[in-house]
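Observations on the three-dimensional arrangement
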Amino acid sequence: DDEIERERASQHLPGGCCALAAIYLMGKFYVANAGDSRAIIIRNGEIIPMSREFTPETERQRLQFLALLRPELLGKEFTHLEFPRRIQPKELGKKMLYRDQNMNGWAYKKIEEDDLKFPLIFGEGKKARMMATIGVTRGLGDHDLKVFSSNIHIKPFLSCFPEVRVYDLTQYEHCPDDVLVLGTDGLWDVTNDKEVAGVVMEMLTSYEPNDPCRYTMVAQELVMRSRGVLKERGWRLANDKLGSGDDISVFVIPLGGPGNYT
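This text gives an overview of the structure that appears in the document. (Residues numbered from 1 in each chain as written. Predicted model: local features only at pLDDT ≥ 70, side-chain atom pairs only at ≥ 80, totals over all residues. Heavy atoms only, no water.)

**Points about a nonpolar patch on the surface**
On the surface, a nonpolar cluster with roughly 370 Å² of combined accessible area is contributed by Ile-23, Leu-25 and Met-26. The residue Ile-23 is located in strand S2 (residues 19-25) in this model. (Patch = residues over 30% accessible without salt bridge, like charges linked within 9 Å, V, L, I, M, F, W, Y side chains within 5 Å. Areas by Shrake-Rupley, 256 points an atom, 1.4 Å probe, with all protein chains shown as cover. Salt bridge = Lys/Arg side-chain N within 4 Å of Asp/Glu carboxyl O. Helix = DSSP H or I, 4+ residues; strand = E, 2+ residues; numbered from the N terminus.)

**What about the packing of aromatic side chains?**
Applying the stated rule across the entire model yields 4 aromatic pairs. With 6.1 Å between their ring centres and 90° between their planes, Phe-78 and Phe-118 make a pair best called edge-to-face. Here Phe-118 lies in strand S9 (residues 118-119) and Phe-78 lies in strand S6 (residues 78-79), a separation of 40 residues in the sequence. Judged by centre distance (5.1 Å) and plane angle (55°), the rings of Phe-118 and Phe-122 are tilted. The partly exposed category is assigned to Phe-122, whose relative accessible area is 33%. Three or more aromatic residues joined by ring pairs form one cluster here, namely Phe-78, Phe-118 and Phe-122. The side chain of Arg-43 reaches across the aromatic face of Tyr-172, ending 3.7 Å from its centre. A cation over a ring is seen here: Arg-138 above Phe-54, with NZ or CZ 4.0 Å from the ring centre. (Phe/Tyr/Trp six-rings, centres within 6.5 Å; stacked < 30°, edge-to-face > 60°. Buried < 20%, exposed > 50% of the residue type's maximum accessible area, 1.4 Å probe, protein only. Lys NZ or Arg CZ within 6 Å of the ring centre and 35° of its normal.)

In structure tokens form, the structure reads like this:
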């Protein structure tokens, strides 16, 4: 993250990205995730999550706590409290559900003038945004990112620190059909873990266990199924739902070799 900031100053290169890394070291896989990419292990048909997405929804309490400690970061335009919907001026003095940085559930509060500001976190699911700007809360770069038509910087709320999960390969006997799948959000937006596992198992059975191309072909199939087919109404999946409009990058990494196949 510091290197990206130096390049921004010396080479005038703006922008940022999420990061998902898998490192094999002394019999263990270390999977580090900063952003909304995802990693899963598929072992004997079982799905083992190796990351979680960092979004305004999943990191709500961290973001709200920072905003509470440093209200100047909100530029007097946002409130750190969350409401089920945007508050209207005519609702001043009425009671409304809300939650703060310490709450998992909701409680009622009397609406005050300060509550009319735009909420720090607004929207649900993939549409959730922080400061009405960005849908991920961890990653690298974005040092210049500001709220539209304002001088409010987003960077103080973005963390470049990944969550790291460890998988010990020595604890299990792995066959060639056991894999680690790494994918950007373009894959997971339209394909869930179970569907990915289904494609992996379906494709792997059509190749010999010692065929080195089998994993590349699985990754390619996951990309193609998530993108869909271009029709008159845009990219469509087999069920006619919209295909992914985001970038799709997929890696399928074998956990066992042909010698372990039984």
